[in-house]
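Examination of the molecular architecture
So the chains spell out like this:
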Amino acid sequence: MVGVKQKPIRIGMIGYQFMGKAHSHAYRDLPFYFDTPLKPELKVIAGRDEEAVKEAQERFGFEAYETDWRKVIERDDIDVIDIVTPNHTHKEIALAAIKAGKHIIIEKPLALTVEDAKEMYQAAKASGVKHMICHNYRFAPAIQFAKQLIDQGKIGRVFHYRANYLQDFIIDPDFPLVWRLKKEIAGSGALGDIGAHSLDLARFLIGEFTELTSTMETFIKERPLGEMSGGLSAKGSSDQKGEVTVDDAVAIIARFENGALGTFEATRFANGNRNKNKFEINGEKGSIRWDMEDMNNLELYLSDDAPGEQGFHLINCTEEVHPYAGAYWPAGHIIGYEHTFINLVDEFFRAIAEDYQPKPDFEDGVRNQILLDAVEKSAEAKSWVTIEQELE
Ligand SMILES: NC(=O)c1ccc[n+]([C@@H]2O[C@H](COP(=O)([O-])OP(=O)(O)OC[C@H]3O[C@@H](n4cnc5c(N)ncnc54)[C@H](O)[C@@H]3O)[C@@H](O)[C@H]2O)c1
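Rules and cut-offs
- Residues numbered from 1 in each chain as written.
- Predicted model: local features only at pLDDT ≥ 70, side-chain atom pairs only at ≥ 80, totals over all residues.
- Heavy atoms only, no water.
- Pairing = 2+ DSSP bridges.
- Helix = DSSP H or I, 4+ residues; strand = E, 2+ residues; numbered from the N terminus.
- Axes fitted to C-alpha atoms, helices over the stretch in contact; angles between N-to-C directions.
- Contact = heavy atoms within 4.5 Å.
- Near = heavy atom within 4 Å.
- Polar contact = N/O pair within 3.5 Å; in protein donor to acceptor, adjacent residues only side chain to side chain.
- Nonpolar A, V, L, I, M, F, W, Y, C, P; charged D, E, K, R; others polar.
- Domains from an automatic or database assignment.
- Buried area = accessible area lost by both parts, 1.4 Å probe.
- Salt bridge = Lys/Arg side-chain N within 4 Å of Asp/Glu carboxyl O.

**Some points on the sheet that holds strand β1 (residues 7-14)**
If you trace the six strands from one edge of the open sheet to the other, you get β3-β2-β1-β4-β5-β6, paired in parallel fashion. Edge positions in the sheet fall to β3 (64-66) and β6 (131-133), since each has one partner strand and no second. Going across the sheet, the axis of each strand differs from the next one's by a mean of 25 degrees, ignoring polarity. In this structure, strand β2 (residues 38-46) lies alongside β3, joined through three bridges in parallel fashion. The residue bridging Val44 from the neighbouring strand is Ala64, located in β3. Packing of helix α1 (residues 18-33) onto the sheet brings it into contact with β1, β2, β4 (80-83) and β5 (103-106), and relative to β2 it is tilted by some 150 degrees.

Right, dumping it as structure tokens:
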């Protein structure tokens, strides 16, 4: 916004590792690419380990640090609380932030239970603060473009939604028992960590679920104690072992309101697949495929192409016409994982400046939590579960 004075928006961040880095980077880079109406100011970052949070403060460019997150929320010079801590802390921090009238950006999954997620959503809605949940894959240009194609009816009636989210970072039985493997902290395993993204993308692209059935497995039941050390790495391997209390893998069969059938697989045991978040959608007039590891490209098949010319063709979603692409580089000059977060925070600040509720928000967080809960109940009972649409 050259020549126009942007208003500042002041950020307080709780947590400073994997997502702390991704979100901090997004705030710093946003004004570089977008004519953002609000310019982020990185005021304060919180974490319990003073040495580590101080290092993060310096590296990410925050003005100050705190070792108690409550002090961040108490400050009246903070407009946004960004919650990038493990899942069991989300509810307490979010409710305190809402009470203090702060806008909230929060990592997924929203909470540990549907009840908690609903309480957070209702509190946010009643307070009037803007809220957003970081299902960042929605903000890849190829995904936004896929949504446009589906909404325009390019592939017609949808028959199948087929998604896999495959990782392999815990295959080694000596990979420690980090928070992601403890039910009381994470809520669930591969399901809530990565399956949650696939379920959200499906809702975003083709609509709501009506029912599902599932099965889950924990291949390694005990691991040495340890903790995450940034990204998906962990440190500490002791002789002492603890029990893994979440799923390592999950498979889901689902039905959608539009009549489509869905199949989903999320696992951290798919050797050779580092972050293979992919899907294929088959419709009456064509199909669409996407794979996060090749995130700039969308594959499109159209059945009315001339005989002999039919086949999936590759669309590099970096042209001016592709959502968000124009903010970055000339066509063919690709973008990456971190740009999904930049696009997401652009939407968040626009919503605050123009006073509308951005998506995905806590409502999407509740709907996602309802699906996670249904998957666990279904696996436990070995039966189909109807998806609740009630959000109160
Ligand atoms: N959107 C995505 O693609 C994506 C990717 C990874 C993680 N996540 C989500 O982001 C959140 C954080 O995950 P991460 O990978 O950054 O974790 P991480 O382990 O890398 O970092 C967690 C941070 O929270 C801090 N923390 C832990 N317990 C705390 C407590 N009780 N109070 C205050 N701070 C505490 C830690 O010190 C650390 O800074 C989780 O909800 C996770 O599901 C989302």
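**Thoughts on the site of the ligand**
The local shell around the ligand holds 23 residues, among which Tyr16, Met19, Asn87, Lys108 and Arg180 are the closest. At 3.3 Å, a side-chain N or O of Gln17 approaches an oxygen atom of the ligand. Take His197: an N or O atom from its side chain is 3.2 Å from an oxygen atom of the ligand. Listing elements by their share of the shell around the ligand, those giving two or more residues are α1 and α8 (190-206). A class-by-class count of the residues in the shell around the ligand yields 10 nonpolar, eight polar and five charged. Structurally, the shell around the ligand is a two-domain feature, drawing no fewer than three residues from each of domain 1 (7-136) and domain 2 (141-294 + 296-335).

**Digging into the domain arrangement of the protein**
For the protein, the assigned domains read domain 1 (7-136) and domain 2 (141-294 + 296-335). Relative placement of domain 1 and domain 2: their C-alpha centres are 25 Å apart. Facing the 13 residues of domain 1 at the interface are 20 residues of domain 2. Summing both partners gives a buried area of about 1400 Å² for domain 1 against domain 2, and 63% of it is carried by carbon and sulfur. Contact with domain 2 buries area across many residues of domain 1, yet Phe18, Tyr33 and His135 alone supply 37% of it, more than any other trio. At the boundary of domain 1 and domain 2, one finds one salt bridge. Between Asp193 and Lys108 there is a salt bridge; the shortest N-O distance is 3.4 Å. Applying the counting rule to domain 1 against domain 2 returns five residue pairs in polar contact (both at pLDDT 80 or more). Among the residues forming the side of domain 1 that touches domain 2, the class breakdown is seven nonpolar, five polar and one charged.

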